[in-house]
Amino acid sequence: MAIRANPHLIDELEKYGAQDVVKCYHCGNCTATCPFSGEVFVFPRKSMRYLQLGLDVRLQGNLEPWLCYYCGECSEECPRGAEPGETMMSMRRWLTARYDFTGLSGLFYRSAKAELLAIVLVALLTGLGLTLFGLSQGSIDVYDGPGAFLPASSIHIFDWVMAGVLVLLLGINCVRMWWYTMGSDKEVRIPPLEYLKQLFLVPWHFLTQRRYSQCDRKSPWAIHLVLMLSYLTMLVLIMFFLHRVQHGPAIDWRAHAFGYAAAAGLVVTTIYALQGRLRKTRPHYQHSHETDWIFLALLLMVSLTGIAQHILHRGGWETAANVLYVVHMMGVVPMLVLEVPFSKWSHMAYRPLGMYFSTLREKAVLAAEDPEKSRPAAAAQTA
Amino acid sequence: MLPNVLSALEFERLTNASGPTGGRIVTRSTQRNRRTKEEEWVFDTDAPAPRSVAIIHCVGSRDQNHNPYCSRVCCMYSLKFAHLVKEKLPDATCYQFYIDMRAFGKGYEEFFERIKDEGVFVVRGRSARVEARPDGMVIRGEDIVHDRIMEFPVDMVLLAAGLEPARGAHRLASVLGIRPDDDGWFTELNYNTDPTGTNRGAIHVAGVCQGPKDIPDTVAQASAVAARVLGSVISGSVRIDRESVSSAEAAANAARLAGTSPREEPWPSEPTHT
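Just so it is clear, the model here is predicted, and its values are computed rather than measured. (Residues numbered from 1 in each chain as written. Chains lettered and ligands numbered in written order. Predicted model: local features only at pLDDT ≥ 70, side-chain atom pairs only at ≥ 80, totals over all residues. Heavy atoms only, no water.)

## Quick word on the nonpolar core
Let me state the cut-off plainly: In these notes, a set of buried Ala, Val, Leu, Ile, Met, Phe, Trp, Tyr and Cys residues joined through side-chain atoms within 4.5 Å is what counts as a nonpolar core. Only protein chains enter the accessibility calculation, which uses a 1.4 Å probe; a residue whose area is less than 20% of its type maximum is buried, one above 50% is exposed, and one in between is partly exposed. Secondary structure elements are defined from DSSP: runs of H or I of at least 4 residues count as helices, runs of E of at least 2 residues count as strands, and each element is numbered from the N terminus. Here the limits of each domain have been adopted from an automatic or database domain assignment. Whether two residues are in contact is decided by their heavy atoms, any of which lying within 4.5 Å being enough.
Counting residues in hydrophobic clusters, the biggest one holds 94 residues, and the most contacted among them are F43, M177, M335, L336, Y350 and F357 of chain A. When residues of this core are assigned to their parent elements, the largest contribution, twelve residues, is made by helix α17 (residues 318–342) of chain A. When residues of this core are assigned to domains, at least three fall in each of domain 1 (9–99) and domain 2 (104–363) of chain A. Contact partners of M335 of chain A, with chain neighbours within four places excluded, come to Y231, L298, L299, V302, V340 and W345 of chain A. Core analysis: the next-biggest nonpolar cluster, separate from the first, contains 35 residues, A82, L84, C94 and Y98 of chain B among them.

Structural data, given as structure tokens:
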């Protein structure tokens, strides 16, 4: 099979945060250090090779970046300072851009200015729209009940419409991911029944992040899990129980107990990640792409404004609560609209899918392989 | 920690005819020390021979976390070790984990080919892990050529550790007034045109004090030094190549020879090896 080489692939990846890929001299230390490289998926060195050779078609169909959780041991062990861990991270960004059919993802990753501009634009539109809507049907001095500025029922509909659009966009990108990594590969055929049998892996990996916990270092997994579960709890509360959350001033503990826990989880983990990135306390905090900062800043801003409007509302300052509600939405909408299908949030779909696809692939490859060949047989090793 | 991970010098001693086992290659076994009443790991002539031996290249060399330079001799002595293992234990399997095989001397490449013919498994890719498990040692590395992880039990691991300047070399340099480089090796005047001369005209360098090199290179360099010294003795003078010695260094030398002022430039600090 003829493969076209793209001599500018490394330059392209550098815009996504890759550094020092050319330094790699292929000793294989990183691969041997990684607890995840096994019989079928041997990484990260091979991806460094693809980059150096400019094999973007191979990279595009590569699931390996999604199998890496960036514990950073490979970068620490690297004798050349070639940063394989950061290379895998930037490849995830690059893949996100490749999967995205609109091209916006690539634009945002390559240019922080474009992303910031888009965030400001969406935020202003949201603010303007919600203010006009609120003024047209309610009073800014009323937070909930009759005549509310932003009644829970309307926001509920707005949320579901937005969720529908985002799921559609992300869904299309996921189908593209499947095509690049699985569908277009003629060598490995996976029967549809197998897809069904292993489907449970997607929610399983999504909810437990089991694989992350298999890294040698456990604390990044714990932090990530707390962040993810807090976020998920908040999402469920907002999508299904918004009227309970917003209704006041009495506190509905059946909903709010979860809300408070999730808010605390979000604030603590985002502040932890922010100060970790600032002080570079861990290997995976050594290099921060602009999108990492934007992501954390938005998340923190959204969490804090959400908490603030809750306090203001329960405290009886309904006007201020309404203003902060609009500000809160000016953070939430750009964060979700821009990050879920086009940027860092999209990994909530790509990662579990990556695990799912890689498991299917691994099974298919191992089944097809001659059992003699999979053992470290003597004959093949003599160079 | 892992008794059967041996450094190159330990293995050299083990396989030597005048070594602890008379040259038999055996794994370390525990023995009770009668005096201290403690179990210790020793080489016992009757201990079992290793069934598999792995040799790891570039240990501490070509690594920015340790020594950035190539130690030059390890590839060849590792091949020699493999040859010795195969010669003394024909039934043992022997693996070489290497990054690049630097068999650059006369006849060296042929030796490498011969080792492969002897049945040594040559794995392109440095191993990164040796683990002790209840049932023995396990080595893990990437086989780059065949794109797979190699993970299998071994009885003995030999580390081709790189070369570092001897302890005290830095002090010797300071006594002699020869400048050591960043890695601690003595610097020559000019690597290409005056590889034995130093900034102290009458002092020459030869061998590993100047940088890692093998025996033939050391002999060649030492022969050159002998010739230079003889030339000095016969002519009764020390020739200093003015173009090679920078004026600052020449002035410093003159001052030193006159026994007046010490060095002007700060002396390079001793490299710290981890």
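## Here we look at the sheet that holds strand β8 (residues 136–143) of chain B
Residues and elements named next belong to chain B. Basically, it comes down to this: Strands were regarded as paired on the criterion that DSSP finds at least two bridges between them. Orientation is described by lines fitted to C-alpha atoms, with helices fitted over the stretch in contact, and by angles between N-to-C directions that extend from 0 to 180 degrees.
Judged by pairing direction, the sheet is antiparallel, and its three strands sit side by side in the order β7-β8-β9 without closing on themselves. Taken across any chain shown, the strands that pair with only one partner, and hence form the sheet edges, are β7 (127–133) and β9 (148–154). Pairwise comparison of adjacent strand axes, ignoring direction, gives a mean angle of 20° for this sheet. Note that β7 and β8 share six bridges and pair antiparallel. By the bridge assignment, V130 is partnered in β8 with I139.

## As for the interface of chain A and chain B
Counted only if it meets this: A 1.4 Å probe defines the accessible area here, and the buried area is the portion of it lost by two parts on being joined, summed over both. Salt bridges are identified by distance alone: a Lys or Arg side-chain nitrogen within 4 Å of an Asp or Glu carboxyl oxygen. Distance and chemistry together define a polar contact, namely a pair of N or O atoms within 3.5 Å, with one atom able to donate a hydrogen and the other to accept it when in protein, and with adjacent residues in sequence counting only for side-chain atoms on both sides. Basically, the charged four are Asp, Glu, Lys and Arg, the nonpolar ten are Ala, Val, Leu, Ile, Met, Phe, Trp, Tyr, Cys and Pro, and anything else, Gly included, counts as polar.
Each partner contributes to the interface: chain A provides 31 residues, whereas chain B provides 26 residues. Of the roughly 2300 Å² buried at the junction of chain A and chain B (both faces included), carbon and sulfur atoms supply 46%. Scanning the region where chain A abuts chain B turns up four salt bridges. In this structure, the connection of chain A to chain B is made through 15 residue pairs in polar contact (both at pLDDT 80 or more). Counting residues per element, the side of chain A that touches chain B draws most heavily on helix α2 (residues 29–33) of chain A, which supplies four residues. Within the side of chain A that touches chain B, the residues separate by chemical class into twelve nonpolar, ten polar and nine charged.

## Topic: the environment of I155 of chain A
Tracing the sequence through the fold places I155 of chain A in helix α10 (residues 152–183). On a C-alpha basis, the gap between I155 of chain A and H243 of chain A in space is 9.4 Å, while along the polypeptide they are 88 residues apart.

## Notes on α17 of chain A
Cut-off, in case you're wondering: Here the expected length of a helix is defined as 1.5 Å per residue gap, with one fewer gap than residues.
A rise of 1.5 Å per residue sets the reference length of α17 of chain A, with its 25 residues, at 36 Å; its end C-alpha atoms lie 35 Å apart and thus fit the reference within 8%. Taken across its 25 residues, α17 of chain A has 18 buried, putting it largely inside the fold.

## A look at a nonpolar patch on the surface
Rules: Here a patch means residues that are over 30% exposed by relative accessible area and free of salt bridges, tied together within 9 Å if like-charged and within 5 Å if nonpolar (Val, Leu, Ile, Met, Phe, Trp, Tyr). Each accessible area is a Shrake-Rupley estimate made with a 1.4 Å probe; only the visible protein chains count as cover when residues are assessed.
A cluster of nonpolar residues, W160, V236, F240 and F241 of chain A, forms a patch on the protein surface that exposes about 360 Å² of accessible area. Examined against the element boundaries, W160 of chain A turns out to sit in helix α10.

## Points about the packing of aromatic side chains
The geometry of two aromatic rings is summed up by the distance between their centres and the angle between their planes. Residues and elements named next belong to chain A. Our working definition: What counts as a ring pair is set by centres within 6.5 Å for rings of Phe, Tyr and Trp (its six-membered ring), and what kind of pair is set by the plane angle: stacked under 30 degrees, edge-to-face over 60, tilted for all other angles.
Overall, the coordinates contain 22 aromatic pairs over all chains when judged by the stated rule. Ring plane angle 10° and centroid distance 4.2 Å describe the contact between Y69 and Y212, whose orientation is recorded as stacked. Here Y69 is found in the loop between α5 (64–67) and α6 (73–77), whereas its partner Y212 is found in the loop between α12 (201–208) and α13 (219–240), with 143 residues between them in sequence. Y212 carries the same exposure label as Y69, and that label is buried. Aromatic rings pair up to connect W66, Y99, Y180 and Y350 into one cluster.

## Some details on the domain arrangement of chain B
Residues and elements named next belong to chain B. We note that the domain assignment places domain 1 (5–161) and domain 2 (169–258) within chain B. The straight-line distance from the C-alpha centre of domain 1 to that of domain 2 is 36 Å. Taken together, the contact between domain 1 and domain 2 spans seven residues of the former and eight residues of the latter. A combined buried area of about 590 Å² lies between domain 1 and domain 2, and 49% of that area is made up of carbon and sulfur atoms. At the junction of domain 1 with domain 2, the criterion picks out one salt bridge. At the junction of domain 1 with domain 2, the criterion picks out two residue pairs in polar contact (both at pLDDT 80 or more). Residues of the side of domain 1 that touches domain 2, tallied by class, amount to five nonpolar, one polar and one charged.

## Re the pairing of strand β3 (residues 39–43) of chain B
Successive residues of a regular strand alternate their side chains across the two faces of the sheet. Residue and element names in this part refer to chain B. Pairing of strand β2 (residues 28–32) with β3 involves five bridges; the strand directions are antiparallel. Counterpart to T30 in the pairing with β3 is W41. Hairpin connection, β2 to β3: the antiparallel pair is bridged by six residues, and K37 has positive phi, about 60°.

## Regarding the sheet that holds strand β6 (residues 121–124) of chain B
Residues and elements named next belong to chain B. Pairing in this open sheet of five strands is parallel, and the strands run β1-β10-β4-β5-β6 from one edge to the other. The open sheet terminates on both sides in strands that have one partner only, identified here as β1 (5–7) and β6. With strand direction ignored, the average angle separating the axes of adjacent strands in the sheet is 20°. As defined by bridge partners, β1 adjoins strand β10 (residues 156–161) across three bridges and the pair is classed as parallel. Across the sheet, the residue bridging to V5 is V157, located in β10. Against the sheet, helix α1 (residues 8–15) makes contact with β1 and β10, and its axis sits at roughly 90° relative to β1, the strand it touches most.

## Details of the domain arrangement of chain A
Note on interface size: it is often stated as the accessible area lost on association of the parts. Residue and element names in this part refer to chain A. What the domain assignment reports for chain A is domain 1 (9–99) and domain 2 (104–363). The partner domain 2 presents 35 residues to the 32 residues of domain 1 that form the contact. Here domain 1 packs against domain 2, burying approximately 3200 Å² in sum over the two surfaces, 61% of which is carbon and sulfur. Its largest share of buried area at the contact with domain 2, domain 1 owes to W66, Y69 and Y99, together 25% of the area lost on that side.

## Here's the deal with the confidence of the model for chain A
To be explicit about the condition: Every residue gets a pLDDT, meaning the predictor's confidence in that residue, from 0 to 100.
Counting all residues, the mean pLDDT for chain A is 89, and 96% of those residues have values of 70 or more. Here residues 374–383 of chain A scores under 50 on pLDDT; set against residues more than four positions off or in separate chains, the count is 20 contacts.

## A short note on the packing of helix α3 (residues 45–53) of chain A against helix α7 (residues 84–99) of chain A
Residues and elements named next belong to chain A. Stated formally: For this classification, under 35 degrees means roughly parallel, over 145 means roughly antiparallel, 65 to 115 means roughly perpendicular, and everything else is oblique. What makes a crossing left-handed is the near helix being turned counterclockwise from the far one by less than a right angle; a clockwise turn instead makes it right-handed.
At their nearest, the axes of α3 and α7 sit 10 Å apart, and the two run at 70° to each other. Viewed along their axes, α3 and α7 adopt a mutual orientation that is roughly perpendicular. Like other packed secondary-structure pairs, α3 and α7 cross with a definite hand, here left-handed. On α7, the residues touching S47, M48 and L51 of α3 are P84, T87, M88 and M91. Tallied by class, residues from the contact of α3 with α7 come to five nonpolar, two polar and no charged.

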